[in-house]
Amino acid sequence: MRPPACRGCCLAPPALLALLTGFLAFGLASEDTKKEVRQSQDLEKSGISRKNDIDLKEIVFVIQSQSNSFHAKRAEQLKKSILQQAADLTQELPSVVLLHQLAKQEGAWTILPLLPHFSVTYSRNSSWIFFCEEETRIQVPKLLETLRRYDSSKEWFLGKALHDEESTIIHHYAFSENPTVFKYPDFAAGWALSIPLVNKLTKRLKSESLKSDFTIDLKHEIALYIWDKGGGPPLTPVPEFCTNGVDSYCATTFHSFLPLCGKPVKKKDIFVAVKTCKKFHGDRIPIVKQTWESQASLIEYYSDYTETSIPTVDLGIPNTDRGHCGKTFAILERFLNRSQDKTAWLVIVDDDTLISISRLQHLLSCYDSSEPVFLGERYGYGLGTGGYSYVTGGGGMVFSREAIRRLLASKCRCYSNDAPDDMVLGMCFSGLGIPVTHSPLFHQRCGSYSVAQAGLELLDSSDPPTSTSQSARITDARPVDYPKDYLSHQVPISFHKHWNIDPVKVYFTWLAPSEEDKARQETQKGFREEL
């Protein structure tokens, strides 16, 4: 099985016609939705109807958790908080589900494949499925009050609305005439599906399998699937679902702190490998040196040409126009085989990645380098048919030494030097039972090269691609490509690409160490024990 054209890569305009045709119906659907929203607002003004006076036990809380020990602990703490609040209300306790415990299949994090389970398990006695992230803070009484304002016998898709300011490649240029019209949820604020909608989606999933092989931007993809070209409800914005935590009416808020679990990891415990090639020595490497290089204590530039002024290391791997699997595995071998160097962490970035090493030091304080950790921005391939998750390369790939040791002890390797390194790594780690650990603080925004032409069979294939006709050019991950509300509650660690921006300005605006970072550290002192 070879992947079709990548959902996260650039598509030629003809490939978009079928998708865009369906979007033309959105205007009509929007009018219907506006009517329902007005009706909901009228209900809010008139008070809570007994018809919608649900009990807390009718809400199923689903925490979008991960199996890594740090994330699992944070999810357990949130679960405890929800149940304690429920007990304080002297109500029957609700169901609280940790996503990573719910199913062992690789694609559980994409949520849609789990809807049939939710339908079978909870449809008889529940009214809502409420999803949240492990750092979402929930005021359970206010959430209950908020959900009571919506008739749970109808199909509702509720959340804090995000929208694109401009049409983007990552979203297939959807709604190109007016991208602001389509709303998708900010997972950090929490989002909810009424049980009737869950049941409807379950019927659809049973009658037709998910068509996409690639999972790139899950929140947008879920909203598109639910909307179904006008056949389903669009997202209804809920003002009580918040991320800023300032307004008293908020039922949810989100911690925008950079995780800190003790002292930041020392710079000498992080080795940074920069992938480059001769043709970019003159324009990209100077930007690295002008921005973030000084933050890195241990750094090497790996190229196809030795240049002492940088300096670069020639690994003996020819440069390739597409994937860089041969180079990446050579870097991994070099890192592990340095017997005198027991550095705990390896970070592999591109020569046009902008990264904050100081923030990475904070983040890594929450992870145990003795565990096999593979960290970055998570994408998925073929997850509905036994595929795998992978860390997309441009935003930076972080490995613990133990993860590299287990990888190289296996027989999983590149099938060619120009194979897509991030996808091959994802396939290998999946086969080893080592999950990708996702952090939204790394920003790639699209595949680091054409994953459409990767030609990877699921898990056990060594069959190389036979065609590059579906190749697509790399896209960017500039701050301007993200909704402002989405970045407002983040402390980003990386962005990828220099295209059409001033990369030095972007670095010093978004990533450079600042007084604000120091203030965050002070605020974080009481954060670890808050729950």
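Every value quoted in this text rests on a predicted model; they were computed, and no experiment measured them.

Thoughts on the confidence of the model for the protein
In this model, the protein carries a mean pLDDT of 82, and residues with pLDDT of at least 70 account for 78%. Counting contacts from residues 1–41, a segment whose pLDDT is below 50, to residues more than four positions away or on other chains yields 89 contacts. Within the model, pLDDT remains below 50 along residues 43–50, and this stretch shows eight contacts once partners closer than five positions in the same chain are excluded.

Digging into the environment of Val491
Tracing the backbone through its elements, the reader meets Val491 in the loop between α14 (484–488) and β22 (494–496). In this structure Val491 comes out as buried when scored by relative accessible area, which is 3%.

So, the pairing of strand β8 (residues 191–194)
Covered by surrounding structure in β8 are Trp191 and Leu193 together with Ala192 and Ser194, the residues of both alternating faces. Direction of pairing for strand β3 (residues 128–132) relative to β8: antiparallel, over a ladder of four bridges. What sits directly across from Phe130, in β8, is Ala192.

Some points on the packing of aromatic side chains
Considering all chains together, one arrives at 20 aromatic pairs under this definition. Ring plane angle 80° and centroid distance 6.2 Å describe the contact between Phe157 and Trp191, whose orientation is recorded as edge-to-face. Here Phe157, found in strand β5 (residues 157–159), pairs with Trp191, found in strand β8; they are 34 residues apart in sequence, far enough to count as distant. Considered together, Phe157 and Trp191 belong to a single accessibility category, that of buried residues.

Topic: the side chain of Gln66
Locating Gln66 in the fold gives a position in the loop between β1 (59–63) and α3 (69–88). Aside from chain neighbours lying at most four places away, what touches Gln66 is His71, Ala72, His100, Glu134, Arg378, Val436, Thr437 and His438.

With respect to the state of the cysteines
Applying the stated rule across the entire model yields four disulfides. Covalently, Cys325 is tied to Cys414 through a disulfide, its sulfur atoms 2.1 Å apart. One disulfide, between Cys325 and Cys414, carries an S-S torsion of -85° and so falls in the left-handed class. With Cys325 in helix α10 (residues 325–336) and Cys414 in the loop between α12 (401–409) and α13 (421–431), this residue pair connects regions lying 89 residues apart in the sequence. One disulfide bridge connects Cys412 with Cys428, the sulfur atoms lying 2.0 Å from each other. Since a negative S-S torsion denotes a left-handed disulfide, the Cys412-Cys428 link at about -80° is left-handed. Taken together, the residues span a long stretch of sequence, with Cys412 in the loop between α12 and α13 and Cys428 in helix α13 at a distance of 16 residues. The cystine pairing of the protein, numbering bonded cysteines in sequence order, is 1-2, 3-5, 4-7, 6-8.

Scoring rules and cut-offs
- Residues numbered from 1 in each chain as written.
- Predicted model: local features only at pLDDT ≥ 70, side-chain atom pairs only at ≥ 80, totals over all residues.
- Heavy atoms only, no water.
- pLDDT = per-residue confidence, 0-100.
- Contact = heavy atoms within 4.5 Å.
- Helix = DSSP H or I, 4+ residues; strand = E, 2+ residues; numbered from the N terminus.
- Buried < 20%, exposed > 50% of the residue type's maximum accessible area, 1.4 Å probe, protein only.
- Pairing = 2+ DSSP bridges.
- Phe/Tyr/Trp six-rings, centres within 6.5 Å; stacked < 30°, edge-to-face > 60°.
- Disulfide = S-S within 2.5 Å.

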